[in-house]
Amino acid sequence: MGVEQPLGSPILEVQGLHKRFGSVQAVAQVDFTVAQGELFGFLGPNGAGKTTTINMLTGLARPDGGSVRIAGIDCIANPRAAQHLIGVVPDESNLYPELSGFDNLCFCAALYGLPRRERQLRARQLLDQFGLSAAADRKFSQYSKGMKRKLTIAAGIIHRPPILFLDEPTTGIDVASARQVREKIADLHRQGTTIFLTTHYIEEAERLCQRIAFIVAGRIVRCATLGALLEPVRQRHQLLISCTLSDRVVMAELARHLAAVFPALQVQAGAAGQIRLEGEQPIAVGPLVRLIEAQGGEVFEARRLQPNLEEVFLQITGLDAQALQGEAAGRGRRGGQA
Ligand SMILES: Nc1ncnc2c1ncn2[C@@H]1O[C@H](COP(=O)(O)OP(=O)(O)OP(=O)(O)O)[C@@H](O)[C@H]1O
């Protein structure tokens, strides 16, 4: 399975964690460690077990078995003991719809035992940091989805926790809010907060995370640093050619012809006039263009592709990353990739 351990002292240690709902094994024997100050990504398709895992790590769900330690505290035996160390941003907000943004934050601050004066100062400071000062006195129920998510993150960090758990923080919000949320996550990480982030946006994980665990059907199939994950695809050269031939049969025939003439290349006919080529050596464009033109097509773009985490995900899981994101969109989620 290959779980690469982090450098540095661990703040979160998970061993043999598992949970079943009826006949569904939601999480199966999950093991990993997160180091202090690390930005750790937990990436997987819909239904992979991300929310169930994060709920067990944060005391919102009880595991069937396994252990969770945060800063050495056994969180299953003492579910409340580590609560002051953790901040939680659930995928569905847990704030009060009838309270204003300001009152919600003051209420959360009180729950964590901040003195009254400090509560109000901290609430104002966070509203300002998240660009919500103008909406401070508006009811939470009247906030937009992006504003709600920002306030939920603000509530999660009100007590300045050393470790923050974020469950799909950019899913379902507009592009600008998603960008602000990602910037905030990166800021918190720079300031030393350990971050555990679940997402099904591969690009987001690639942009933000230092180490990533891929979870599929409740099991971690790979866990490694971004550099180690990308290493195998960095060795490959890829080219995407766009041409005027769009008929699927003609494209498939062209791909077969290219593969026969250039046996060192892997050739794949894609959507609407696109051909993707991959090889171990740099790919010369001229001979390809000439061959396509000889087949009656005209090339209007040949673009070298940068190796990315999407290919790694594809190789490791056999799942299509686009289908994974499309499913989220199909459930009325707007994504937030920008
Ligand atoms: N309360 C529950 N009762 C029954 N089954 C559940 C429950 N919660 C989760 N499951 C099932 O457990 C599996 C893992 O679900 P989970 O919500 O953890 O996945 P996820 O990776 O967070 O998915 P998504 O990206 O869609 O939020 C799924 O098959 C889901 O249907």
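Once a new chain begins, its residue numbering starts again from 1 and follows that chain's sequence as written. A pLDDT threshold of at least 70 governs which residues receive local features in this predicted model, and a stricter bar of 80 or more applies before side-chain atom pairs are shown or counted, although totals over entire chains, interfaces and linings include all residues. Side-chain figures throughout are based on the complete set of non-hydrogen atoms in the structure, without hydrogens or water.

A. Examining the site of the ligand more closely. Near the ligand lie 14 residues; those nearest to it are G47, G49, K50, T51 and T52. A 3.5 Å cut-off defines polar contacts: any pair of N or O atoms within that distance qualifies, except that in protein one atom must be a possible hydrogen donor and the other a possible acceptor, and neighbouring residues in sequence count only when both atoms are side-chain atoms. K50 places a side-chain nitrogen or oxygen 2.9 Å from an oxygen atom of the ligand. Interatomic distance of 2.5 Å between a side-chain N/O atom of T52 and an oxygen atom of the ligand. The fraction of the free accessible surface of the ligand (630 Å²) that becomes covered by protein chains is 64%. Segments assigned H or I by DSSP are reported as helices when at least four residues long, segments assigned E as strands when at least two residues long, and all are numbered from the N terminus. Going through the elements one at a time, strand 2 (24-35) and helix 1 (50-57) are the ones with two or more residues in the shell around the ligand. When residues of the shell around the ligand are assigned to their parent elements, the largest contribution, 3 residues, is made by helix 1. Here the residues of the shell around the ligand sort into 5 nonpolar, 6 polar and 3 charged. The criterion for a residue being near a molecule or strand is simple. One of its heavy atoms has to lie within 4 Å of it. Each accessible area is a Shrake-Rupley result for a 1.4 Å probe, and residues are judged covered by the shown protein chains and nothing else. Gly is placed with the polar residues, together with every amino acid not listed as nonpolar (Ala, Val, Leu, Ile, Met, Phe, Trp, Tyr, Cys and Pro) or charged (Asp, Glu, Lys and Arg).

B. View of the UniProt feature "domain: ABC transporter" (unreviewed entry) in the protein. UniProt positions are given in the numbering used here, feature names are shortened, and annotations may be inferred rather than shown by experiment. Per the UniProt entry, the sites bearing "domain: ABC transporter" (unreviewed entry) are residues 12-242 in this numbering. Within residues 12-242, the helical portion is 33% and the strand portion 30%, while the C-alpha atoms at the span's ends are 47 Å from each other.

C. Layout of the domain arrangement of the protein. On domain assignment, one finds that the protein holds domain 1 (10-231) and domain 2 (237-306). Its C-alpha centre places domain 1 at a distance of 43 Å from the equivalent point of domain 2. Segmentation into domains, and thus their bounds, comes from an automatic or database assignment.

D. Spotlight on the packing of aromatic side chains. Ring geometry is summarised as follows: Phe, Tyr and Trp rings, the Trp one being its six-membered ring, pair when their centres sit within 6.5 Å, and such pairs are stacked at plane angles under 30 degrees, edge-to-face over 60 and tilted between the two. Summed over all chains, the structure comprises 9 aromatic pairs. Ring centres 5.6 Å apart and planes at 45° place the aromatic pair F32 and F42 in the tilted group. Of this pair, F32 sits in strand 2 while F42 sits in strand 3 (residues 39-43), and the two are 10 residues apart along the sequence. Each residue's exposure class comes from its accessible area (1.4 Å probe, protein chains only) as a fraction of the maximum for that residue type: buried when under 20%, exposed when over 50%, partly exposed otherwise. By relative accessible area, F42 is classed as buried at 0%. Geometrically, the ring pair formed by F214 and F313 is tilted, given 5.5 Å between the ring centres and 45° between the ring planes. Here the residue F214 occupies a position in strand 9 (residues 211-216), and F313 occupies one in helix 10 (residues 309-317), the gap between them amounting to 99 residues. Summarising the burial analysis for this pair, F214 and F313 share the class buried. Each member of the aromatic cluster is reached from another via a ring pair, and the members are F32, F40, F42, F165 and F196. We call a charge positioned above a ring when the Lys NZ or Arg CZ atom is no farther than 6 Å from the ring centre and deviates by at most 35 degrees from the ring normal. Sitting above the plane of the F140 ring, K148 keeps its charged end 5.8 Å from the centroid. Over the face of the ring belonging to F130 we find K184, whose NZ or CZ atom lies 5.2 Å from the ring centre.

E. Focus on a nonpolar patch on the surface. Residues Y96, F107, L111 and Y112 make up a contiguous nonpolar surface patch of about 410 Å² in total accessible area. One can find F107 in helix 2 (residues 101-111). Patches here are clusters of residues that have more than 30% relative accessible area and form no salt bridge, with a 9 Å joining cutoff for like charges and a 5 Å cutoff for nonpolar side chains (Val, Leu, Ile, Met, Phe, Trp, Tyr). One side-chain nitrogen of Lys or Arg within 4 Å of one carboxyl oxygen of Asp or Glu is enough to make a salt bridge.

F. Structural view of the side chain of H159. Tracing the backbone through its elements, the reader meets H159 in the loop between helix 4 (145-156) and strand 7 (163-167). Take H159: its relative accessible area is 14%, and that puts it in the buried class. Within the local environment of H159, its side chain forms a polar contact with the backbone oxygen of I86, the two atoms lying 2.8 Å apart. Pairs of residues are marked as contacts when any of their non-hydrogen atoms sit within 4.5 Å. Ignoring any residue separated from it by four or fewer positions in sequence, one finds H159 in contact with Q83, H84, I86, G87, Y112 and L114.

G. Structural detail: the confidence of the model for the protein. When pLDDT is averaged along the protein, the result is 89; 92% of the residues meet or exceed 70. Residue range residues 326-338 is modelled with pLDDT below 50. Its contacts to residues more than four positions away, or to other chains, number 35 contacts. This complex was scored by the predictor with a pTM of 0.82 and an ipTM of 0.97. Per-residue confidence from the predictor is reported as pLDDT, a score between 0 and 100.

H. Main features of unusual backbone geometry. The residue A71 is not glycine, and still its phi comes out positive at about 50°. Summarising the element assignment, A71 is placed in the loop between strand 4 (65-70) and strand 5 (73-74). In this model, E168 sits at a positive phi of 45°, which is unusual for a non-glycine residue. Considering the arrangement of structural elements, one finds E168 in the loop between strand 7 and helix 5 (175-190).

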